[in-house]
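Results of the structural survey
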Amino acid sequence: MALTQSQPTPKPRFQIEKIVLGIVVLLLIIGAIFDKPISRTLMDQNSIFGTVFQNYSLIFPSIIIFMAAQVLFYRIQKLESNAIGKFSVMFLTSIAAIYETWQAVKTALFYTIASLNNIKHKAPIGAANNDGGGKAVSPTWYLPTLIILTLILVIIGFALCHKWLVAKDEAEM
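Let us look at the structure shown here.

Quick notes on the side chain of Glu 100
- Its place among the elements puts Glu 100 in helix α4 (residues 83-120).
- Comment: no salt bridge for buried Glu 100; closest opposite-charge side chain is Lys 106, at 11 Å.
- Apart from residues no more than four positions distant in its own chain, Glu 100 is found in contact with Ser 62 and Ile 65.

Regarding the environment of Thr 51
- If you trace the backbone, Thr 51 turns up in helix α2 (residues 48-56).
- Owing to a relative accessible area of 2%, Thr 51 belongs among the buried residues under this scheme.
- Sequence spacing of Thr 51 and Gly 126 is 75 residues, and the spatial spacing of their C-alpha atoms is 5.0 Å.

What to know about the nonpolar core
- Among the nonpolar cores identified, the biggest contains nine residues, and these are Phe 66, Ala 69, Phe 73, Tyr 74, Ile 76, Met 90, Ala 97, Cys 161 and Leu 165.
- Discounting residues that sit within four places of it in the chain, Ala 97 has contacts with Phe 66, Ala 69, Gln 70 and Phe 158.
- Val 105, Leu 109, Tyr 142 and Leu 146 belong to the second largest nonpolar core, which has five residues in total.

Some thoughts on helix α5 (residues 142-165)
- When the terminal C-alpha atoms of α5 are compared, their 33 Å separation across 24 residues agrees well with the 34 Å that a helix rising 1.5 Å per residue should span.
- When α5 is considered as a whole, its buried residues turn out to be Tyr 142, Leu 146, Thr 150, Val 154, Gly 157, Cys 161 and Leu 165.

Side note on the packing of helix α3 (residues 59-78) against α5
- Direction vectors running N to C along α3 and α5 enclose 50°, while the axes themselves pass 10 Å from each other. Our classification of the angle between α3 and α5 gives oblique. In this structure, α3 meets α5 at a crossing whose hand is right-handed. Together, Phe 66, Met 67, Gln 70, Val 71, Tyr 74 and Lys 78 of α3 and Val 154, Gly 157, Phe 158, Cys 161, His 162, Trp 164 and Leu 165 of α5 make up the contact between the two elements.

Cut-offs used in this document
- Residues numbered from 1 in each chain as written.
- Predicted model: local features only at pLDDT ≥ 70, side-chain atom pairs only at ≥ 80, totals over all residues.
- Heavy atoms only, no water.
- Helix = DSSP H or I, 4+ residues; strand = E, 2+ residues; numbered from the N terminus.
- Buried < 20%, exposed > 50% of the residue type's maximum accessible area, 1.4 Å probe, protein only.
- Lys, Arg positive; Asp, Glu negative; His and termini not counted.
- Salt bridge = Lys/Arg side-chain N within 4 Å of Asp/Glu carboxyl O.
- Contact = heavy atoms within 4.5 Å.
- Core = buried A, V, L, I, M, F, W, Y, C linked by side-chain atoms within 4.5 Å.
- Expected span 1.5 Å × (residues − 1).
- Axes fitted to C-alpha atoms, helices over the stretch in contact; angles between N-to-C directions.
- Parallel < 35°, antiparallel > 145°, perpendicular 65-115°, else oblique.
- Left-handed = near helix turned anticlockwise from the far one by under 90°.

Note that every value here comes from positions in space, so none of it alone points to a role or purpose.
This is the structure in structure tokens:
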């Protein structure tokens, strides 16, 4: 098909790669020169923003795993295969989604307890959140909060994934 006046001429791929490579090299140079000031600004141990980011940014991989389990659940649900195999996969994907949510909430609560202990002991709020909690004792509200938050998040996640996936046809799955 010949290009007409209305069709833009595509840029050669090599030129785009050179631009991206140039940007990456520029960012590496900036990072090498300004690493320490950037690190001090973004991850000050007394920074509430840095601590919140450190404590709760781990939720995103769990969301991806949860969603992947739900996609598999709905994909298997639409297949015409034997009922036992279908039920087994659907059951296991539901368990995987619940377990991943449990682990994400458990990690977030662990970091929350560590931050609260840091505040209580007048230590920097973001200090030693990854020390394994050797000195930290779980408060009485830990287990009920873990169970309730996990149930709430699983129900919300199932509902949102159902709303998203129920309308998908075979081609979109």
